[in-house]
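# Fold and geometry: a report
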Amino acid sequence: MKNYLLIISALLVVGCGNRNQPPYSQSYVDSLRQTYQQAMDSVNVRHRHVLDSMNRQLNGFKMRALEAEARHPFIRENRMDTLVRIRYKNKINGYRVSVLWQPEGIGFRGIILGSAIITFKKEDVQFSIVHSHFFLNSPLGYARNHDESDAWGLKFNRSSVYEIEYHEDKNTYLQPDLPFFFVENGQKLVLTIWAEGGRDANLYRFYKKENSWVHCYALIPDEPFVSEINDYAIITDEEIRTSFGGMIDEQKVYRKKIDSYPEYELDRIEEFDQFTDSVFTYKVGRRLIKKEAVKR
């Protein structure tokens, strides 16, 4: 830049100097012009060097960002706009089941959760249901370290259909490791709402078959099916016991009714006091009807 200023000053001297000075030769003027051009080229080269350096830094940032996205595609793609297509290999309650799933986040124990549309097909019958907390009972559906920043198995291919096996435990009523399951000979369809049932337990949402000839399931709007059945629930043919726990454990006991609506009604509430080792039994309306000591 100093050379540039010196040349400008020299040109000003040539153009605005003492008129009585003798004129400069053409060779001197050409030499001066050449020096000026070299100085300008030098300035441009330095400017280009700065710009190139900035471009290299920007490209480096872009490359590191792309590498990070490649390592953690769930943050970039799956949460935003990736729809994952899933097909279960085996029939479930006689249905062929496919899922259109949008992963949205990582929940308790590193499981990937998201909204999904589950479609059930059997011969010429088809129906769908929306699941707000769908997950995969497959290694593909878990983050390695239960942390979104270190997720693996999350680079889902939009053009692929993922086929997985459906494994259920016939010996238990509730299926905590499955996103959905059928109970009572297919009369009820249950959705597992992951880690929403208190103390990181699952909550279960129940749908009932509307009639024997239509393959359609409707949400059961009554308790305990709406919001009280979690992993702590005890379900038998006669009653359902629900519990959320605490310093004083509380169980609500719902008795099954015969041919009446709703299917179950609250019969009593039992509270266990850990300080006195006592169980207090209340009828509906909090009317105490019995108190007994716990035998240990």
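Think of each chain on its own: its residues are numbered from 1, step by step along the sequence as written. It should be noted that, the model being predicted, local features are given only for residues of pLDDT at least 70 and side-chain atom pairs only at 80 or more, the latter also being counted only at that level, while totals for whole chains, interfaces and linings use all residues. Note that water and hydrogens are dropped before the side-chain values are worked out from all heavy atoms of the structure.

Turning next to unusual backbone geometry. Along the chain, Glu223 connects to Pro224 via a cis peptide bond; the corresponding omega equals 10°. Relative to the helices and strands, Pro224 is located in the loop between β9 (217-219) and β10 (234-235). In this structure, Pro262 follows Tyr261 across a cis peptide bond, with omega equal to -5°. If you trace the backbone, Pro262 turns up in the loop between β12 (248-256) and β13 (264-273). A positive phi angle is found at Asn185, which is not glycine, with a value near 55°. Per the convention used, a helix needs a DSSP run of H or I reaching at least four residues, while a strand needs a run of E reaching at least two, with both numbered from the N terminus. Mapped onto the elements of the fold, Asn185 is located in the loop between β6 (180-183) and β7 (188-193). For every residue, the accessible area obtained with a 1.4 Å probe (protein chains only) is divided by the maximum for its type, and the residue is called buried under 20%, exposed over 50%, and partly exposed between those limits. Judged by relative accessible area, which is 80%, Asn185 ranks as exposed. Although it is not a glycine, Asp277 adopts a positive phi angle of roughly 50°. Summarising the element assignment, Asp277 is placed in the loop between β13 and β14 (278-283).

Here a salt bridge means any side-chain nitrogen of Lys or Arg lying within 4 Å of a carboxyl oxygen belonging to Asp or Glu. Within this structure, the stated rule accounts for 14 salt bridges. As a salt-bridge pair, Glu239 and Arg268 come within 4.0 Å of each other at their nearest N and O atoms. Of this pair, Glu239 sits in strand β11 (residues 239-243) while Arg268 sits in strand β13; the two residues are 29 residues apart in sequence, bridging distant segments of the chain. Its relative accessible area of 13% is what places Glu239 among the buried residues. You can call Arg268 buried: its relative accessible area is 17%.

What follows deals with the sheet that holds strand β8 (residues 203-209). As summarised here, the arrangement of the 4 strands in space is β6-β7-β8-β9, forming an open sheet in which the pairing is antiparallel. Each having just a single partner strand, β6 and β9 make up the two edges of the open sheet. Going from strand to strand, the sheet's axes swing by 35° on average, the running direction of each strand aside. For two strands to be treated as a pair, DSSP must find no fewer than two bridges joining them. Each axis is a line fitted through C-alpha atoms, taken for helices only over the stretch in contact, and angles between the N-to-C directions span 0 to 180 degrees.

Another aspect to go through is the side chain of Thr119. For Thr119, the position within the fold is in strand β3 (residues 112-122). Setting aside residues up to four positions removed in sequence, Thr119 forms contacts with Arg96, Val97, Ser98, Gln126, Phe127 and Ser128. Should any heavy atoms of two residues lie within 4.5 Å, those residues are counted as being in contact.

What follows covers the nonpolar core. Formed by 42 residues in total, the largest nonpolar core has its most connected members in Tyr88, Trp101, Phe120, Phe134 and Phe180. Of all the secondary structure elements, the ones that give two or more residues to this core are β1 (84-88), β2 (96-106), β3, β4 (125-134), β5 (161-164), β6, β7 and β8. Excluding anything up to four places from it in sequence, Tyr88 contacts Arg96, Val97, Val99, Phe134, Asn137, Ile164, Glu165, Tyr166, Pro179 and Phe180. We call a set of buried residues a nonpolar core when its members are Ala, Val, Leu, Ile, Met, Phe, Trp, Tyr or Cys and they connect through side-chain atoms within 4.5 Å of each other.

Nothing here speaks to function; it is all geometry.
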